[in-house]
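Spelled out, the chains give:
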Amino acid sequence: MLERVSQGELPAKHHLALRGPAGQLRYEWCLTRQGFEGPFTISYHEHRPQALEAAGDPVYTPLGSPPAAPSESGASQRPGFARRHYRTLELSCEANAGVTPLLYNADLVLGCRKPTRDDPSYQLNAGADELWFVLSGKGTLRSLLGDLEYQAGDYVCIPKGILHRLLPAPGEPHHLLCLELHEGMGIPRAFRNAVGQLRMDAPYCHRDFRRPCFEGPRDEGIRDVWVKSGELRQRFLYAHNPLDVVGWDGSVYPWAFPIRSFQPRVSSVHLPPTWHGTFESPGALICSFVPRPLDFHPDAIPCPYPHSNVDIDEVLFYVEGDFSSRLGVSHGSLTHHPRGVPHGPHPGRYEQSLGVKHTEEVAVMLDCRLRLLATRAALEIEDPGYEASFRGKS
Ligand SMILES: [Fe+2]
């Protein structure tokens, strides 16, 4: 959550009456986190915000079959200790069918989405904060709090409970990496000072974030919203226009952050990925690798050192540039290195990195505290030669 924002009409204090031009009472709606202890946003509506009803039964879409079952390609959804590489550009997402989950555990779901047209209904994730990374495409995230523009290279956060829909710009092929973080996500506490402001030494500042542009009520003629939580989805129908907000204030709202606005750290010797930590969740640390000078000790080995992350499953999503430690991965590649077993650079990359002074790599990394499973959709786009590619000298 970011600093408080205030837009549109508001009464002098919360829980006071706000009236329209004809004297009609506005309806207050409070979105609160952590019970009533955490960040909150209060919006004021022309109609009763709770005037909606379930339309039809819930739809249950399991993320995976029993973990030990083989997929149609013969691979297992239980990853064992093998390193895996998924070519997400090859994923054939059904248009506007939503996110295709690829990896998951009890904390999070990671998937991809390739929307080709506007969402026909509103969406509301009741079970998780969503964090997207826009690999390609641009457009608008429309929510009851206003329109948020996004483009390639942006992270986009949609807090739990915010009604929204996606409007991709025409002619802009989309590829989104989509994370659902069931226990929420936000800015690492260490980046804030005692009053919640981003510290001077944080790797980004308040000005780097884009917030919704609010213009008042907007009736799009849409009355249905799909509410989801984990593997359950259910359609609800509003009695009136849900985008009927006349004003709001608070700290819970969608935002966008360009990955290239992340200020990377550089040291005399190789820094661990935690120094690239950008956002955090109880189940994952999201890191950003962006172009930067490399280690400046005269004997530095800029390539990551072989290591064993005994408590972490490591996921990398490759965006741009030549990643110093890996071969055979490219734009849209997603790799998963399970915990415990030593991993490190591909053969030859360790030595080749000596003397390199700069990297143009752009990538998103996730350190996950729980073991990840793969969905059948992931196995269909798996690079079968990835595990063997680590064999060889060095
Ligand atoms: Fe690693």
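Here the structure is a predicted model, which is why all the values come from computation and not from measurement.

Rules used in this analysis
Residues numbered from 1 in each chain as written. Predicted model: local features only at pLDDT ≥ 70, side-chain atom pairs only at ≥ 80, totals over all residues. Heavy atoms only, no water. Donors = N, O, S within 2.8 Å, 3.2 Å for Na, K, Ca; no water. Helix = DSSP H or I, 4+ residues; strand = E, 2+ residues; numbered from the N terminus. Buried < 20%, exposed > 50% of the residue type's maximum accessible area, 1.4 Å probe, protein only. Salt bridge = Lys/Arg side-chain N within 4 Å of Asp/Glu carboxyl O. Disulfide = S-S within 2.5 Å. Domains from an automatic or database assignment. Contact = heavy atoms within 4.5 Å. Buried area = accessible area lost by both parts, 1.4 Å probe. Pairing = 2+ DSSP bridges. Axes fitted to C-alpha atoms, helices over the stretch in contact; angles between N-to-C directions. Core = buried A, V, L, I, M, F, W, Y, C linked by side-chain atoms within 4.5 Å.

This brings us to the coordination of the iron ion. Surrounding the iron ion are the protein donor atoms His 307 (NE2), Glu 314 (OE) and His 343 (NE2), at 1.9 to 2.3 Å. For the iron ion, the donor residues sit on a single chain with the sequence spacing H-x6-E-x28-H. Of this pair, His 307 sits in the loop between strand E22 (292–293) and strand E23 (313–320) while His 343 is found in the loop between strand E24 (333–337) and helix H1 (349–352), placing the two residues 36 residues apart along the sequence. His 307 sits in the partly exposed class, given a relative accessible area of 23%. For His 343, a relative accessible area of 7% corresponds to the buried category.

Going through the model one piece at a time under the given rule, you end up with 21 salt bridges. Between Glu 3 and Arg 211 there is a salt bridge, with the nearest N and O atoms lying 2.7 Å from each other. One end of the pair, Glu 3, is in the segment before strand E1 (5–8); the other, Arg 211, is in the loop between strand E15 (175–181) and strand E16 (224–229), and 208 residues separate them in sequence. Relative accessible area serves as the criterion here: at 29%, Glu 3 is assigned to the partly exposed category. Exposure remark for Arg 211: the relative accessible area of 22% places this residue in the partly exposed category. By sharing partners, the salt bridges in this structure join Arg 142, Asp 147, Arg 165, Arg 218 and Glu 220 into a single network.

Our focus in this paragraph is the state of the cysteines. Inspection of the entire model under this criterion finds 0 disulfides. Summary of cysteine pairing: Cys 30 is not part of a disulfide, and the nearest cysteine sulfur, belonging to Cys 157, is at 20 Å. With no disulfide of its own, Cys 157 lies closest to Cys 178 among cysteine sulfurs, the gap being 12 Å.

Domain parsing of the protein chain yields domain 1 (52–61 + 94–243) and domain 2 (260–390). The C-alpha centroid of domain 2 is placed 26 Å from the C-alpha centroid of domain 1. Taken together, the contacts link 33 residues of domain 1 with 36 residues of domain 2. The contact between domain 1 and domain 2 buries some 2,900 Å² in all, and 68% of this surface belongs to carbon and sulfur atoms.

Moving on, we come to the sheet that holds strand E26 (residues 362–368). The strands making up a sheet are joined through hydrogen bonds of the backbone, oriented either antiparallel or parallel. Read from one edge of the open sheet, 6 strands run E6-E24-E23-E26-E21-E20, paired in antiparallel fashion. Pairing within the sheet leaves two strands with one partner each, and these edge strands are strand E6 (84–87) and strand E20 (277–281). This sheet shows a mean twist of 15° between the axes of neighbouring strands, independent of strand direction.

Our next topic: the sheet that holds strand E10 (residues 129–136). Reading across from one edge, E19-E13-E10-E15-E8-E7-E27 is the order of the 7 strands in this open sheet, with antiparallel pairing throughout. Each edge of the open sheet carries a strand with a single partner, namely strand E19 (255–258) and strand E27 (373–374). Sheet topology note: the strand E7 (residues 100–104)/E27 ladder contains 2 bridges and is antiparallel. Counted as the bridge partner of Tyr 104 is Leu 373 from E27.

With respect to the helices and strands, Cys 112 occurs in strand E8 (residues 108–113). Exposure remark for Cys 112: the relative accessible area of 0% places this residue in the buried category. If near-sequence neighbours (up to four positions away) are discounted, Cys 112 is found in contact with Thr 88, Leu 91, Cys 93, Gly 98, Val 99, Thr 100, Leu 102, His 175, Leu 176 and Leu 177.

This next bit is on the pairing of E8. As a general feature of sheets, a regular strand has side chains that alternate between the two faces. The buried fraction of E8 is high, at 6 of 6 residues. The alternating pattern of E8 places Leu 108, Leu 110 and Cys 112 on one face and Val 109, Gly 111 and Arg 113 on the opposite face, and all of these are buried. Where E7 meets E8, 4 bridges bridge the pair, whose relative direction is antiparallel. From the neighbouring strand, Tyr 104 faces E8, where its bridge partner is Val 109. If you look at the hairpin formed by E7 and E8, you'll find 3 residues sitting between the two strands.

On to the nonpolar core. Counting 75 residues, the largest nonpolar core has Leu 131 and Phe 279 as the members making the most contacts within it. Both domain 1 (52–61 + 94–243) and domain 2 (260–390) contribute no fewer than three residues apiece to this core. Setting aside its immediate chain neighbours within four residues, Leu 131 contacts Tyr 155, Val 156, Cys 157, Leu 177, Cys 178, Leu 179, Leu 181, Met 185, Trp 255, Phe 279 and Ile 286. Cys 287, Phe 323, Ala 363 and Met 365 belong to the second largest nonpolar core, which has 11 residues in total.

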